[in-house]
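# Structural overview for review
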Amino acid sequence: MRSIQMVDLKSQYEAIKTEVDQAIQGVIDTTSFINGPKVKEFSDALASYTGAKYVVTCGNGTDALQIAMMGLGFQPGQEVIVPAFTYVATAEVIALLGLVPVFIDVIDSTFELDITQLESKITSKTAGIVPVHLYGQCSNMEAILAVAKKHNIKVIEDTAQAIGANYSFSDGTVKQAGTMGDVGTTSFFPSKNLGCYGDGGAMFTNDGKLAEKLRMIANHGQQKKYHHHIVGVNSRLDTLQAAILNVKLQHLDRYSASRNEVAARYDSAFTDHPHIRIPKRAVNSTHAFHQYTIQVEGVSRDELKSYLAEKGVPSMVYYPLPLHQQEAYLNLGYQKGDFPVAEALCEMVLSLPIHTEMKVEDQEYIIESINSFFK
Ligand SMILES: *Cc1c(COP(=O)(O)O)cnc(C)c1O
């Protein structure tokens, strides 16, 4: 029996087992579990990989978003614009900090926030915008940065799904996801493109002063031990996780290339399919393919999903409910119908297995299984 998974972390580990095991043993041998030298080594390596001037590591991608907002000085009552169609973390920290999430609809082809609606969401209380580089490709950063500059608001890029994606500006400059806004945030959750073996996260910035502040906030607001300048949090990347990430970062380009190969095979299988809309590539971004997400049209997405499950093919719905319809956010007063694209996507999207160790035969089986549903 085939065992197809959404993400095959076991096979990925087996292929780099010697390197990873040595890295883990190395940390245990030194017992410097907190803020050991591997943390700095990894931050430096990630800065040089992404081109960000500063990388500040922290406990997870949600903390990264929270610390970014604290570091940028967002004040309770201020508003932060965030897509209605994203993972909850993006909006959760806004609410936790006493800020007001202001949702914006997305574009159905590329899943990014709809830039044409952006200016209408800006008020005198707007502190920032959080574009989410959903599924692995960059939002329209050139347009977002221009609007942010015009209105003097901050941009935090949620890069949890898009590490390594490149964005091209019209003047020919190319920058990596997470390095274009005031702060970029990312997650090293195990299934993310650069995943560790537990929780982890990081922030990117090109502003040295801000980097210092972010580092301080992540460490109880202290610069010197037991001297607390501002209210902070405790959010650290474990040395063990940093050591694992150091190994995996060296494979990230190869991993992205395999994800793109899987995506290309799905593309060619479903390009002209009457019921399947393949994910459109944004013109200015490369795709890191954290997810390969199709839209199922004219038939029930959920029936296709159950049919595939019976055939041993997993698939996932990222995400089944837009943020404005989540119970925790109903108090914001949004109604069904407020974000029609986000609402429609929640009914239509289906993410197919994609990972770095996908076997061609397994992918052929997935494609055949999908095709057989429509026969
Ligand atoms: C995974 C993810 C996060 C949160 O990361 P954690 O490390 O799980 O806290 C935030 N935003 C997006 C878009 C994500 O996919």
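Everything here concerns the structure above.
Keep in mind the model is a prediction, meaning the values are calculated, not measured.

Scoring rules and cut-offs
All residue numbers here refer to positions counted from 1 along the written sequence of the relevant chain. Residue-level local features of this predicted model are given only where pLDDT is at least 70; pairs of side-chain atoms are given and counted only at 80 or more, and the full residue set underlies all totals for whole chains, interfaces and linings. Here the side-chain values reflect all heavy atoms present in the structure, with hydrogen atoms and water set aside. Helix and strand assignments come from DSSP, with helices taken as H or I runs of at least 4 residues and strands as E runs of at least 2, each series counted from the N terminus. With a 1.4 Å probe rolled over the protein chains alone, any residue whose accessible area is under 20% of its type maximum counts as buried; one over 50% counts as exposed, and the rest are partly exposed. Under the rule applied, a polar contact is a pair of N or O atoms within 3.5 Å (in protein, one hydrogen donor and one hydrogen acceptor; residues adjacent in sequence only if both atoms are side-chain atoms). We call two residues in contact when some of their heavy atoms are within 4.5 Å. We call a residue near a molecule or strand as soon as one heavy atom of that residue lies within 4 Å of the molecule or strand. Every definition here rests on a 1 Å grid over the protein atoms only: cavities are sets of points where a 1.4 Å probe fits but cannot get out, pockets are open sets enclosed by protein on both sides within 12 Å along at least five of seven lines, and lining residues have some atom within 4 Å of a point. Should more than half of a molecule's atoms lie within 2 Å of a pocket's or cavity's grid points, that molecule is taken to sit in it. Polar here means any residue other than Ala, Val, Leu, Ile, Met, Phe, Trp, Tyr, Cys and Pro, which are nonpolar, and Asp, Glu, Lys and Arg, which are charged; Gly is therefore polar. Grid points are joined across faces, edges and corners, and a volume is the space filled by probe spheres set on the points. Domains are outlined according to an automatic or database domain assignment. Within this document, salt bridges are pairs made up of a side-chain nitrogen of Lys or Arg and a carboxyl oxygen of Asp or Glu, the two lying within 4 Å of each other. Given the number of residues in a helix, its expected span is that number minus one, multiplied by 1.5 Å. In this description, one arc is meant: the one made by directions from the helix axis to the C-beta atoms.

## Brief notes about the side chain of His273
Within the fold, His273 resides in the loop between helix H10 (252-270) and strand S12 (276-277). Judged by its relative accessible area of 16%, His273 is buried. A polar contact is formed between the side chain of His273 and the backbone nitrogen of His275, at a distance of 2.9 Å. Apart from residues no more than four positions distant in its own chain, His273 is found in contact with Asn371 and Phe374.

## What to know about the site of the ligand
Taken together, Asn60, Gly61, Thr62, Tyr87, Ala89, Val132, Asp158, Ala160, Gln161, Ser187, Phe189 and Lys192 form the complete shell of residues around the ligand. Side-chain polar atom of Thr62 to an oxygen atom of the ligand: 2.5 Å apart, as the coordinates give it. At 2.7 Å from an oxygen atom of the ligand is found a side-chain nitrogen or oxygen belonging to Ser187. Judged by the proximity of its atoms to the pocket grid, the ligand belongs to the largest pocket. Tallied by class, the residues present in the shell around the ligand amount to 5 nonpolar, 5 polar and 2 charged.

## Quick notes on empty space enclosed by the protein
Throughout the structure, instances matching the rule amount to 1 cavity of 30 Å³ or more. In this structure, the largest cavity spans a volume of roughly 60 Å³. Along its surface, the largest cavity is lined by Val7, Asp8, Leu9, Gln12, Pro190, Lys192, Asn193, Lys248, Arg259, His355 and Thr356. For the lining of the largest cavity, the residue count by class is 3 nonpolar, 4 polar and 4 charged. Both domain 1 (9-249) and domain 2 (252-373) contribute no fewer than three residues apiece to the lining of the largest cavity.

## Some points on the pattern of salt bridges
Evaluated as defined, the whole model comprises 9 salt bridges. Asp108 is paired through a salt bridge with Arg277; the nearest N and O atoms lie 3.2 Å apart. With Asp108 in the loop between strand S3 (100-104) and helix H6 (118-121) and Arg277 in strand S12, this residue pair connects regions lying 169 residues apart in the sequence. A salt bridge links Lys150 to Glu119; the nearest nitrogen and oxygen atoms lie 2.9 Å apart.

## Describing the layout of surface pockets
In this model, the largest pocket occupies a volume close to 540 Å³. Taken together, 26 residues form the lining of the largest pocket, with Tyr87, Gln161, Phe189, Lys192 and Tyr319 sitting closest to its centre. The dominant element in the lining of the largest pocket, judged by the number of residues it contributes, is helix H4 (residues 61-71), at 3 residues. Each residue belonging to the lining of the largest pocket can be placed in one class, and the counts come to 12 nonpolar, 10 polar and 4 charged. Two domains each provide a minimum of three residues to the lining of the largest pocket, namely domain 1 (9-249) and domain 2 (252-373). Approximately 380 Å³ is the volume attributed to the second largest pocket. Taken together, 17 residues form the lining of the second largest pocket, with Asn35, Val39, Val56, Thr57 and Arg215 sitting closest to its centre. Among the elements of the structure, helix H3 (37-50), strand S1 (54-58), helix H8 (208-218) and strand S10 (222-224) are those that each provide at least two residues to the lining of the second largest pocket. The class makeup of the residues in the lining of the second largest pocket is 6 nonpolar, 7 polar and 4 charged.

## Structural notes on helix H2 (residues 17-30)
The first and last C-alpha atoms of H2 sit 20 Å apart over 14 residues, in line with the 20 Å expected at 1.5 Å per residue. If you check which residues of H2 are buried, you get Val20, Ala23 and Val27. Projected down its long axis, H2 shows its buried positions confined to an angular sector of 65°, all on one face. Away from its buried face by more than 90 degrees, H2 exposes Thr18, Gln22 and Asp29. Packing partners of the buried residues in H2 comprise helix H1 (9-15), H3 and helix H9 (239-249).

## Side note on the environment of Tyr167
Position of Tyr167 relative to the elements: it lies in strand S6 (residues 166-168). Its relative accessible area of 1% is what places Tyr167 among the buried residues. Considering only alpha carbons, one finds Tyr167 and Glu142, 25 residues apart in sequence, at a separation of 9.1 Å. One polar contact links the side chain of Tyr167 to the main-chain amide nitrogen of Met141, over a distance of 3.4 Å.

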